[in-house]
Structures are given as structure tokens and as C-alpha cells.
Amino acid sequence: MAKAPADRIAAALDALDAGFPSEAARKRALDDLNRAYSSIQETAFGAICTAARGIEGDPDAQHALFRENELPFDLHQVRDRHFPTLERFGAQHALVRDLIALRATIKAADIKPAPQRDPDAQRAEIVRKTILEELQHRKEAYVQGLDIARLLGGLAVTVNAHLVYGHKGAIFTRNFFYLNGQLTALRTILAIAGTFERERKEAEAKAS
């Protein structure tokens, strides 16, 4: 059974959080992102085709519609000029921007031969649960720039949180974490927050 876009996004985010043991693992994550984008692109193209059927009596207008709203097939080819089309035809344009940022972060990530056990797994789940609760409280499908610095030791962290729909109507929350404006794996942010917390406690102990 083919994976839903939500599942592919989840796989890529989980792989980034866990660290890449090989180039092959990185490539699988990039492929997941591209396939997730392809689904969004197909949705937009379907809407464009529907609009074109509404002007069947004007071939020139139809050709202009397709020409002016052409979308690339691959995520790495998406540019700012494509976002008006994604937004106009009901695609998840905000999610596509986060996919582009995630792709860049994955490509820049280090390869670590041995995956490291995440000592902050419980804390990460608390962060994710808090974001999901906030989404449900606001009754929104997308929250941009949700401030979660209070959970992460005051670090300049924001999150773009999306509710995305998977196989058979299942709903998932997918979070893109930004540290000082740069998309960063949650595992890395938690490690930094933990270091700052240890340094603070050591400084307090010395002062006392």
C-alpha cells in the first residue's frame, strides 16, 4: 500500500531527529519529502484541470491558464513564483515552504554511522503533545510561529505546526522546529537546551 503524504513527512522528520547513519538513509528521507510534495502538486494540478474545463470554449484561455500556473514535479525545483498557484488552487502552500526548509536541513545534516539514543525522548513527546493540544484548542489546521520557548529553557524556538491527513482519514500533527530562524531537529534543540540547563545549575552551585 502506498504511503500517504503525512506518513512520508513523519518518516523524514523522524529520520532527521534520529540522525542519518548513511547517505542512503539521507536519500530515503529526501525521497519521502519529494513524494509528499508530489501529492500536493497533483492536488493542485487537478484543481487547475477543473478550472480549465470551465473555459472549454476558449482554447487560448485554457492554454494561458496552464502556462501561467505550471508547477514543477520535484520539490527542489519549487521557487517563490510557484506559491501563488499553490495557494490559488487549494494546495498546502505553507506546508510546501516547510518541506523546502526541511529538505535543506536534511541535505546539510551530518552523517553519523551509529544512531544515537535520544535521552530526551520523553521531553520531546511533552513538547509535541503541547503543540497538538494548542492546535486543538485553537481549532486550526495550521499554526505558524507557535512560541514554545517556555518549554525549551528560553531558547529562541518557534514551530510551524500542521494537521495533515493520512490514510483512511487519520489526522496527524507534523511540527517543523526553528531555532533562531533556522529549521533544526528537535533532538538537537533539546540537547542544546539541556546543555544550557546544566551550565546554569553549575553556575548556581558555584555561586552558592
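The following refers to the structure shown.

### Quick notes on the pairing of strand β3 (residues 171-179)
When you tally the buried positions in β3, you get 7 out of 9 residues, the bulk of the element. Pairing of β3 with strand β4 (residues 182-183) involves 2 bridges; the strand directions are antiparallel. Paired with Tyr 178 across the bridge in β4 is Leu 183. Taking the residues that link successive antiparallel strands as the turn, the β3-β4 hairpin has 2 residues, and the phi of Asn 180 there is positive, at about 50°.

### Remarks on the environment of Ala 6
With respect to the helices, strands and loops of the structure, Ala 6 is situated in helix α1 (residues 5-18). According to the relative accessible area criterion, Ala 6 is buried, its value standing at 1%. For the pair Ala 6 and Arg 174, spaced 168 residues apart in sequence, the C-alpha to C-alpha distance is 7.9 Å.

### Observations concerning helix α7 (residues 186-207)
Taking 1.5 Å per residue, 22 residues should reach 32 Å; α7 reaches 31 Å between its end C-alpha atoms and fits that length. Those residues of α7 lying buried are Leu 186, Arg 187, Ile 189, Leu 190, Ala 193 and Gly 194. Each buried residue of α7 sits inside an arc of 155° when the element is viewed along its axis, so together they form one side. Away from its buried face, by an angle of more than 90 degrees, α7 presents the exposed residues Arg 198, Lys 206 and Ala 207.

### A short note on helix α6 (residues 121-138)
Across its 18 residues, α6 extends 26 Å between first and last C-alpha, which sits within 8% of the 26 Å expected from 1.5 Å per residue. Looking at α6, one finds that the buried residues are Ala 124, Val 127, Ile 131 and Leu 135. Seen end-on, α6 carries its buried residues on one side only, within an arc spanning 75°. With respect to the buried face of α6, the exposed residues turned more than 90 degrees away are Gln 122, Lys 129 and His 137. Two residues or fewer past α6, Lys 139 is found with a positive phi of approximately 55°.

The rules we used
- Residues numbered from 1 in each chain as written.
- Predicted model: local features only at pLDDT ≥ 70, side-chain atom pairs only at ≥ 80, totals over all residues.
- Heavy atoms only, no water.
- Buried < 20%, exposed > 50% of the residue type's maximum accessible area, 1.4 Å probe, protein only.
- Helix = DSSP H or I, 4+ residues; strand = E, 2+ residues; numbered from the N terminus.
- Pairing = 2+ DSSP bridges.
- Expected span 1.5 Å × (residues − 1).
- Arc of directions from axis to C-beta.

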